[in-house]
Amino acid sequence: MIYFQQQAHENLRDYVRCYWKIENKNKDFQYYTILPDGFFDLLICFKNDNLDRVFLTGLWNHKTNVIISPETVIYGVQFRLLAIENIVQESITTLLNNIKRLEKSYLGLDGFNKNIDSSFFEYLNRCLLLYTEEQHPIDPRKSILLKSINQTKGNKTVEYYSQKANWSKRQINRYFQSTFGLSLKGYCSIRKGAATYSQIRKGQLYPQQGYFDQPHFIKGIKKITGFTPKTLLKNENDRFLQFSIIKNE
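Residues numbered from 1 in each chain as written. Predicted model: local features only at pLDDT ≥ 70, side-chain atom pairs only at ≥ 80, totals over all residues. Heavy atoms only, no water.

Draft legend 1. Summary view of the packing of aromatic side chains. Inspection of every chain in the model, using the stated rule, returns 17 aromatic pairs. Aromatic pair phenylalanine 46 and phenylalanine 120: ring centres 5.4 Å apart, planes at 90°, arrangement edge-to-face. Taken together, the positions of phenylalanine 46 in strand 4 (residues 40–47) and phenylalanine 120 in helix 2 (residues 117–133) put the pair 74 residues apart, joining distant regions of the chain. The burial state of phenylalanine 46 is the same as that of phenylalanine 120; both residues are buried. Geometrically, the ring pair formed by phenylalanine 227 and phenylalanine 240 is edge-to-face, given 5.0 Å between the ring centres and 65° between the ring planes. (Phe/Tyr/Trp six-rings, centres within 6.5 Å; stacked < 30°, edge-to-face > 60°. Helix = DSSP H or I, 4+ residues; strand = E, 2+ residues; numbered from the N terminus. Buried < 20%, exposed > 50% of the residue type's maximum accessible area, 1.4 Å probe, protein only.)

Structure representation (structure tokens):
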């Protein structure tokens, strides 16, 4: 499996965590487990240099098993939550732990049909920049809320985010449930846990921040991944995809 990752244009950083590419050049299917990370993705599949299928994922609050077909190239746009407001512009509640197929014309993707990495990522930049520039201003409460969660990686309380955005906790939770399919507290648990994946990969099995003590850390990680930090660290047969390709933010 070949993996490549690239940063989006600086003006898209609030909306896009990264662009990525996975390529299976083998003739065998490859099996992986994906762990919740607090982001959602646009999946762009190519066959023989031609755009084949496009999918949008929702958020994940538990592990999921994926299969990458032989001789397949998948490009991805890993979205931050703020992208829901002016790029995706629709609720992804029904996509919690799920994906849906989109038209090839989504975001103008059918305007480019050759899988040349640098050119394709630049094309994505142009498409998304144009799309964000044409949209109406975002509700400042939502913008402040989602940016604050991202900047703190979910390591603050619901009360903190409520005060930061000047928005009631009840209204925030209603917004999260109706837009993303889970509560703010539930999302923060995922985001906070995912932020420790890189330290676990390095063998650091004691919490650096965000957890009261090691038992709470182990319990929190197992709740969102289904595995203890020790099991994740072992990563037998390279099962956990993110532990081979994860990049620090």
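Past the structure itself, the notes keep going.
Draft legend 2. Broad picture of helix 8 (residues 214–225). Along its 12 residues, helix 8 runs 16 Å from first to last C-alpha, staying within 8% of the 16 Å computed at 1.5 Å per residue. Buried within helix 8 we find Phe217, Ile221, Ile224 and Thr225. For helix 8, the angular spread of the buried residues around the axis is 90°, confining them to a single face. Helix 8 presents Pro215, Lys219 and Lys223 as exposed residues on the side facing more than 90 degrees away from its buried surface. Buried residues belonging to helix 8 abut helix 6 (184–194), helix 7 (197–201) and helix 9 (229–234). (Expected span 1.5 Å × (residues − 1). Arc of directions from axis to C-beta. Contact = heavy atoms within 4.5 Å.)

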